[in-house]
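Summary of the model geometry
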Amino acid sequence: YDATLPAEEKAPASPITWNVQYSRPNLVRLTEPQLIYVLFEAEPQQAAEKPSTPPLNLCLLLDRSTSMAGEKLDLAKAAASEIARNLRPDDIFSVVAFADRAEIVVPASFQADRAKLTGRIQSLQAGGGTEIYQGLAAGIEELQRTADPGRISHLILLTDGHTYGDEQNCLKLAEEASRQNIGISGFGIGSEWNDIFLDALAGKSGNSSTYIAKPQQIQRLLVHKFEALTSTYVEDVLLELKQLDGVSISYAFRLQPQGGPVALEDELHLGPILQDTKLEILLELLIEASAVKGKLLTLLEGTLRLVMPARQGVQLPIRIKLEREVADVPRDDPPPTAILDALSRFTLYRLQERARQEADAQEYEAATRHLKSLAALLLTQGEKDLAKTALLEAEQTQRMQTLSKEGGKQIKYGTRALFGVLAEKHQ
């Protein structure tokens, strides 16, 4: 009888493995709120052969406003030309330039004639103001024309200045693009661009902004981003959560592959998983006293959805449920080394963030105090140059009652870069 039954269908194996670590072995019954940190890690499922990476549908969006004239635009064009030379046969590439209007320099297509393509890029000239929305709309339209579920559609924005009053329209456009599985990354040159805005723009699709301190870094950083895109395994990990009474995520931060805050929205865009770099997210959970009643507390419950062009779109959801025991007294088990290391660097990032918020709120004494604390902690970790910058900003804030644009970015992106050091340490 059993032999006549149809073969049992097995659920397809998950393309990723995931793991969590906690800052505390258990929760304690208290009359006040308490915090617990969760380190979430996800990486490709081990296979006999390395999976092939999907082709790109890539748009490079270049600021060609007057402030980009000279070395900055020349180096941006050199970076675009190098990316064009490194394209794979199946990659689709486009280049859009913008100032106060957008110009399609290279329409989205397979780029067989690399010499002709480079010539078009090199013909770009600087001039005009900065209106990112015009360029963003044109770049996304180019990506939409050649969009394919089997491709990674991504826009790389390079700018050196503030856009003029169109930030909200840009964010709405980025949100709509994200729903179509179009990612956006932002690169800012120098000190005049709005890092808060670029982080928010890139964060809509699980990406981050990058600080380019000197024009000479443009080519290396843009090519590095292109290489990361060509090694993408999962384009984005989406976390949809069930609402739990008395438990909330108060902060979420991506440690790698690229450090940056994760926007707390209805669905969290955690970011990509690369073939050789796992995704690591640090979650700060706030537990209200009213939630700590029974012997077991659910910290987080929901589903993970994977956007995987190599498997044609979004995969079946992965259920996730995290729980911790509750007791009257804390257990004395030490936290895992990985989460201790992550928290030590996360503290540095939060300190600079707090100092910046205090300076914006004209709380200059508090901002100065936190910058000095940041400098001391950086020294203990051997980060002498960054510690010096933090001390100089503390003096600047105390004397001039403001953070400098350049120093603020150096500290913000310098503390983010420490997570790359952390990743290398644990490899």
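As a reminder, the structure under discussion sits directly above these lines.
The notes below deal with the structure included here. The structure displayed is predicted, hence computed values, not measured ones. (Residues numbered from 1 in each chain as written. Predicted model: local features only at pLDDT ≥ 70, side-chain atom pairs only at ≥ 80, totals over all residues. Heavy atoms only, no water.)

1. What about the sheet that holds strand 16 (residues 318–327)?
Pairing is mixed in the open sheet, where five strands are placed in the order 2-16-15-10-13. The two strands at the open ends of the sheet, each matched to only one other strand, are strand 2 (27–28) and strand 13 (267–274). As defined by bridge partners, strand 10 (residues 232–241) adjoins strand 15 (residues 296–307) across six bridges and the pair is classed as antiparallel. Its bridge partner lying in strand 15, Leu239 is registered against Leu304. (Pairing = 2+ DSSP bridges. Helix = DSSP H or I, 4+ residues; strand = E, 2+ residues; numbered from the N terminus.)

2. Focus on the layout of surface pockets
One number sums up the size of the second largest pocket: a volume of about 410 Å³. Contributing to the lining of the second largest pocket are 17 residues, with Ile196, Asp199, Pro261, Glu353 and Lys412 lying nearest its centre. Listed by contribution, the elements that provide at least two residues to the lining of the second largest pocket are helix 5 (195–203), helix 7 (337–360) and helix 10 (405–425). In terms of residue count, the dominant contributor to the lining of the second largest pocket is helix 7 (six residues). Residue classes in the lining of the second largest pocket are distributed as six nonpolar, three polar and eight charged. (1 Å grid on protein atoms, 1.4 Å probe; cavity = no way out; pocket = protein on both sides within 12 Å on 5 of 7 lines; lining within 4 Å. Points joined across faces, edges and corners; volume = space filled by probe spheres on them. Nonpolar A, V, L, I, M, F, W, Y, C, P; charged D, E, K, R; others polar.)

3. Description of empty space enclosed by the protein
Per the stated rule, a full pass over the model turns up three cavities of 30 Å³ or more. Approximately 60 Å³ is the volume found for the largest cavity. Around the largest cavity sit Val38, Phe40, Leu239, Leu270, Ile281, Leu283, Leu300, Leu304, Ile320 and Leu322, which together line it. Contributing elements (two or more residues each) for the lining of the largest cavity: strand 3 (34–44), strand 14 (279–287), strand 15 and strand 16.

4. Description of helix 1 (residues 71–86)
Compared with an ideal rise of 1.5 Å per residue, which puts 16 residues at 22 Å, helix 1 spans 23 Å between its outermost C-alpha atoms and is within 8% of the ideal. All of the buried residues in helix 1 are Leu73, Ala76, Lys77, Ala79, Ala80, Ser81, Ile83 and Ala84. In this structure, the buried side of helix 1 is in contact with strand 4 (56–63), strand 5 (92–98), helix 2 (114–122), strand 7 (152–159) and helix 6 (218–230). (Expected span 1.5 Å × (residues − 1). Buried < 20%, exposed > 50% of the residue type's maximum accessible area, 1.4 Å probe, protein only. Contact = heavy atoms within 4.5 Å.)

5. Considering the sheet that holds strand 4
Taken together, six strands build an open sheet; the order of strands is 6-5-4-7-8-9 and the sheet is mixed. Each edge of the open sheet carries a strand with a single partner, namely strand 6 (102–110) and strand 9 (209–212). Direction aside, neighbouring strands of the sheet carry axes that sit 15° apart on average. Two elements, strand 5 and strand 6, share six bridges in a ladder whose sense is antiparallel. In the sheet register, Ile92 faces strand 6, and the bridge partner there is Phe110. Contacting strand 7, strand 8 (182–189) and strand 9, helix 5 crosses the sheet at an angle of about 165° to strand 8. (Axes fitted to C-alpha atoms, helices over the stretch in contact; angles between N-to-C directions.)

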